[in-house]
Amino acid sequence: MLTSTLNELQVLLGGLGRTLLISVIGISMGLVLGMLMGAARHARVPVLSQLIACYANLFRCTPLLVQVVMLYFALPDLGIKLTPFDTSWLALGLWGAAYHTEIFRAGYGSVNPNEVVAARALGMSAPRAFLDVTLPLGVRASIPAATTMAITQFRSSSFMIAVGYQELTYVANRMVADTFKVFEIFGIAALAYLVVSNIIAIASRRLERAVAVPGLGAVK
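Within each chain, residue numbers correspond to sequence positions counted from 1 in written order. Where local features are concerned, this predicted model is filtered to residues with pLDDT of at least 70; where side-chain atom pairs are given and counted, the filter is 80 or more; whole-chain, interface and lining totals use all residues. Values reported for side chains reflect all heavy atoms of the structure, with hydrogen atoms and water molecules removed beforehand.

Draft legend 1. Region of the structure containing the UniProt feature "domain: ABC transmembrane type-1" (unreviewed entry) in the protein. UniProt's feature table lists "domain: ABC transmembrane type-1" (unreviewed entry) at residues 16–204, given in the numbering used throughout. Secondary structure over residues 16–204 splits into 81% helix and 0% strand, and the C-alpha atoms at its two ends are 21 Å apart. UniProt positions are given in the numbering used here, feature names are shortened, and annotations may be inferred rather than shown by experiment. Only runs of H or I of at least four residues qualify as helices and only runs of E of at least two qualify as strands under DSSP, and these elements are numbered from the N terminus.

Draft legend 2. Local environment of the packing of aromatic side chains. Pairing of aromatic side chains requires ring centres within 6.5 Å, counting the rings of Phe and Tyr and the six-membered ring of Trp. Pairs whose planes differ by under 30 degrees are stacked, by over 60 edge-to-face, and all others tilted. On inspection of all chains with the given rule, the structure shows seven aromatic pairs. Where Trp95 meets Tyr99, the ring centres are 5.5 Å apart and the plane angle is 70°; that geometry is what we call edge-to-face. One end of the pair, Trp95, and the other, Tyr99, are both in helix 4 (residues 84–109), four residues apart, so they sit about a helical turn from each other. For Trp95, a relative accessible area of 8% puts it in the buried group. We call a residue buried when its accessible area falls under 20% of the maximum for its residue type, exposed when it is over 50%, and partly exposed in between, using a 1.4 Å probe and counting protein chains only. For Tyr99, a relative accessible area of 27% translates into the label partly exposed.

Draft legend 3. Summary view of the nonpolar core. For our purposes a nonpolar core is just a set of buried Ala, Val, Leu, Ile, Met, Phe, Trp, Tyr and Cys residues, chained together by side-chain atoms within 4.5 Å. Tyr55, Leu64 and Met160 are the most contacted members of the largest nonpolar core, which totals 31 residues. Of all the secondary-structure elements, those providing two or more residues to this core are helix 1 (2–43), helix 2 (48–60), helix 3 (64–74), helix 4 and helix 6 (126–156). When checking whether two residues touch, look at their non-hydrogen atoms; a contact exists if any pair is within 4.5 Å. The contact partners of Leu64, leaving out residues within four places of it in the chain, are Ala91, Leu92, Trp95, Ser156, Phe159 and Met160. Counting 13 residues, the second-largest nonpolar core is a separate cluster that includes Leu12, Met175, Ala192 and Tyr193.

Structure, rendered in structure tokens:
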């Protein structure tokens with residue numbers, strides 16, 4: 001009995017490890033692309049800004065599951081075949097980037113214009129003022145919303161069951177089919193999602209405190 005339980009936990013931990021792998025890659029990709037595309041949207045770069053807006057609208061207004069299926073089953077018709085692993089992190093990254101783009105665009109837009117005016121008055125060029133003033137202040141303001149999206153990306157990794165990637169939900173589902181221990185196995189899986197999500201939230205809260213600027217919405 002004990003040996004069986006330990007084996008089940010080991011298998012679930014393996015699924016959790018694969019979930020964390022695609023989540024880390026997807027979240028990192030979403031954050032980096034979101035910061036860059038959010039900056040382009042904030043700067044209203046001609047043409048590029050409109051293209052990014054269309055991209056963000058497309059990926060935010062269509063279900064992630066549909067995007068996953070399209071990447072895995074439709075791209076081969078165009079000569080592009082992705083593995084379940086590549087499909088998983090790419091889908092999470094592209095989907096997350098659409099949301100992070102708007103999150104960071106709003107963050108940059110929340111910076112007091114007087115801060116930028118002061119920087120320009122000191123002789124900074126527009127790009128330098130963005131890098132030294134708007135970017136750090138905008139990123140600080142975006143941390144809570146970006147954290148929520150990162151947690152959502154982590155939880156949404158369960159959609160990768162659709163392409164056969166052996167993440168936590170896939171593994172739990174297969175184990176239930178073999179053992180019929182629905183409550184125990186899915187209970188452990190749910191607990192794993194809960195624990196990791198709370199770790200992300202706690203880390204984010206500490207990051208907020210670490211980068212808080214007195215007088216500029218510092219975390220209490």
